[in-house]
Amino acid sequence: MNRESLDLNLLRLFEAVYRLGSVSLAAEALGLSQPAASQGLTRLRLTLGDALFVRAHGRMRPTLRAERLAGVVQPSLTAIQDVLKEEDTFDPSHSKMTLRMHMNDIGEARLLPELMAALHPAAPGIRVHTTPLPHGEIADALETGAIHFALGFLPSISGTERVELLRDRYAVVVRAGHPMASAAKGKTTIQDLRKLEYVAVRSHSETLRILQQLGLDGRLVLTSAHFMALPAIIARTDLAVVMPQAIARRFLDAKRYALLPADLPRSMFTVSMHWSRRFEADPALQWIRRLFVGLFEDKGR
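All values reported here derive from a predicted model rather than from experimental measurement.

Undergrad: Looking at this structure, how should I read the environment of Met-180?
TA: Here Met-180 shows up in helix H7 (residues 179-183). Separated by 138 residues in sequence, Met-180 and Thr-42 have C-alpha atoms that sit 89 Å apart. Those residues in contact with Met-180 that sit more than four places away from it in its chain are Asp-192, Lys-195, Leu-196 and Leu-260.

Take a look at the structure:
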């Protein structure tokens, strides 16, 4: 047998014989039969070219080579066992990890308040870091572990594990006193929408896609880098914005804003949680996934 392909089980057998001074006791400790343990020890002796143990005064006494080997094997096996134990359990109350996630500004507004309200009491040592990444970089960032999760409506992301958290639809929002809001009876028609001028956020491509599909991109007078500036702009002008309906209802004062009853093309969308298969079995990330699902799954459906 090649020394470079030494079986880890043989090293475990060696360590048990060294520690217990008996092949039979080592076999019992490892759940092996006496013949299997004896055969394993013979294989290890032949591989290393050393007797390793000699019987003296009723015990298996290590050779000098075995003493040197034990000095390396015992701490190595202990380190391996410690790592395996860490992977089997996760205690959120003592964790000091930093949770890294892709979220855009709307995702932060919708998801972070509930997440932090649940996460911080259960895992006060966990730090959360969110960053918006270009969609073309998200899959690689998940695969390398640069981020743990990506949350949002990410139809261009493939090759990841994912779970759907929320469903929502896009809506048209104007200020409460807008002439269109007071004039709308029943549904707002496409012709009505073509009378409006719009603001949009550059990073939210689906809203731009809706305006383009309706032939309204020529009515776009402001393209902003961030969503959070838009409500104040809408409140002070007659401009309109296409945005997620749940966000509008949750965060915009109904006395200051109005949702126009318009049918938008392909307006339904899902917010999903994406992660890499590489980290599927990580207990900490499994716990965080369960937390997210418990908080958000089935809401807004």
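Undergrad: Would you mind going over unusual backbone geometry with me for this structure?
TA: Leaving glycine aside, a negative phi is the common case for residues, and trans is the common case for peptide bonds. Phi at Leu-52 is positive, roughly 70 degrees, even though this residue is not glycine. Here Leu-52 is to be found in the loop between helix H3 (34-48) and strand S1 (53-56). One non-glycine residue with positive phi stands out, namely Arg-266, at about 45 degrees. On the secondary structure map, Arg-266 appears in the loop between strand S10 (257-260) and strand S11 (268-275).

Undergrad: How should the packing of helix H1 (residues 8-20) against H3 be read in this particular structure?
TA: When two helices pack together, their arrangement is given by the angle between the helix axes and by the axis-to-axis distance. Packing of H1 against H3 brings their axes to within 10 Å, and their N-to-C directions diverge by 105 degrees. With respect to H3, the axis of H1 lies roughly perpendicular. Mapping the contact onto sequence places Leu-10, Leu-13 and Phe-14 in H1 and Ala-37, Gly-40, Leu-41, Arg-43 and Leu-44 in H3. Class assignment of the residues belonging to the contact of H1 with H3 gives a composition of six nonpolar, one polar and one charged.

Undergrad: Help me out: how do you make sense of the packing of helix H5 (residues 105-122) against helix H12 (residues 283-296) in this one?
TA: Put simply, H5 and H12 touch, their axes get as near as 10 Å, and they point 125 degrees apart. Taken together, H5 and H12 sit at an angle that is classed as oblique. The two elements H5 and H12 cross, and the hand of that crossing is right-handed. Here H5 contributes Arg-110, Leu-111, Glu-114, Leu-115, Ala-118, Leu-119 and Ala-122 to the contact with H12, which in turn contributes Trp-287, Leu-291, Phe-292, Leu-295 and Phe-296. Grouping the constituent residues of the contact of H5 with H12 by class yields ten nonpolar, no polar and two charged.

Undergrad: What is the right way to read the pattern of salt bridges from this model?
TA: A side chain of one charge can pair with a side chain of the opposite charge if their charged atoms are brought near each other. Applying the stated criterion across every chain yields a total of ten salt bridges. In this structure, Arg-209 and Glu-206 form a salt bridge, with 2.8 Å as the shortest nitrogen-oxygen distance. Residue Arg-209 and its partner Glu-206 are both found in helix H9 (residues 205-213); the two are separated by three residues, about one turn of the helix. Each of the salt bridges in this network shares a partner with another, and the network as a whole consists of Arg-110, Glu-114 and Arg-250.

Undergrad: Can you walk me through the packing of aromatic side chains in this structure?
TA: Each aromatic ring pair is described using two quantities: the centre-to-centre distance and the angle formed by the ring planes. Under the counting rule described, the total for this entry stands at six aromatic pairs. Plain terms: the ring middles of Phe-90 and Trp-287 are 5.8 Å apart, the flat faces sit at 55 degrees to each other, and that makes the pair tilted. With Phe-90 in the loop between helix H4 (64-88) and strand S3 (98-102) and Trp-287 in helix H12, this pair connects stretches of sequence that are 197 residues apart. Directly above the ring of Trp-275 sits Arg-289, whose terminal nitrogen or CZ lies 4.5 Å from the centroid.

Undergrad: Explain H9 to me, please; I cannot follow it from the model alone.
TA: Residue pairs spaced three or four apart in an α-helix point in one direction, given the helix's 3.6 residues per turn. Here H9 has its buried residues at Glu-206, Thr-207, Arg-209, Ile-210 and Leu-211. Contacts made by the buried residues of H9 are with strand S6 (161-175), strand S7 (198-201), strand S8 (220-224) and strand S9 (240-244). Positive backbone phi, approximately 75 degrees, marks Gly-215, located one or two places after H9.

Undergrad: Is there a simple way to explain the pairing of S6 in this structure?
TA: The two faces of the sheet receive side chains in turn, since in a regular strand these alternate between them. Pairing between S6 and S11: eight bridges, direction antiparallel. Opposite Glu-161, over in S11, you have Trp-275 as the bridge partner. Note that S6 and S10 share four bridges and pair antiparallel. Of the residues in S10, the one forming a bridge with Arg-175 is Tyr-257.

Each value, and the rule that gives it
- Residues numbered from 1 in each chain as written.
- Predicted model: local features only at pLDDT ≥ 70, side-chain atom pairs only at ≥ 80, totals over all residues.
- Heavy atoms only, no water.
- Helix = DSSP H or I, 4+ residues; strand = E, 2+ residues; numbered from the N terminus.
- Contact = heavy atoms within 4.5 Å.
- Axes fitted to C-alpha atoms, helices over the stretch in contact; angles between N-to-C directions.
- Parallel < 35°, antiparallel > 145°, perpendicular 65-115°, else oblique.
- Nonpolar A, V, L, I, M, F, W, Y, C, P; charged D, E, K, R; others polar.
- Left-handed = near helix turned anticlockwise from the far one by under 90°.
- Salt bridge = Lys/Arg side-chain N within 4 Å of Asp/Glu carboxyl O.
- Phe/Tyr/Trp six-rings, centres within 6.5 Å; stacked < 30°, edge-to-face > 60°.
- Lys NZ or Arg CZ within 6 Å of the ring centre and 35° of its normal.
- Buried < 20%, exposed > 50% of the residue type's maximum accessible area, 1.4 Å probe, protein only.
- Pairing = 2+ DSSP bridges.

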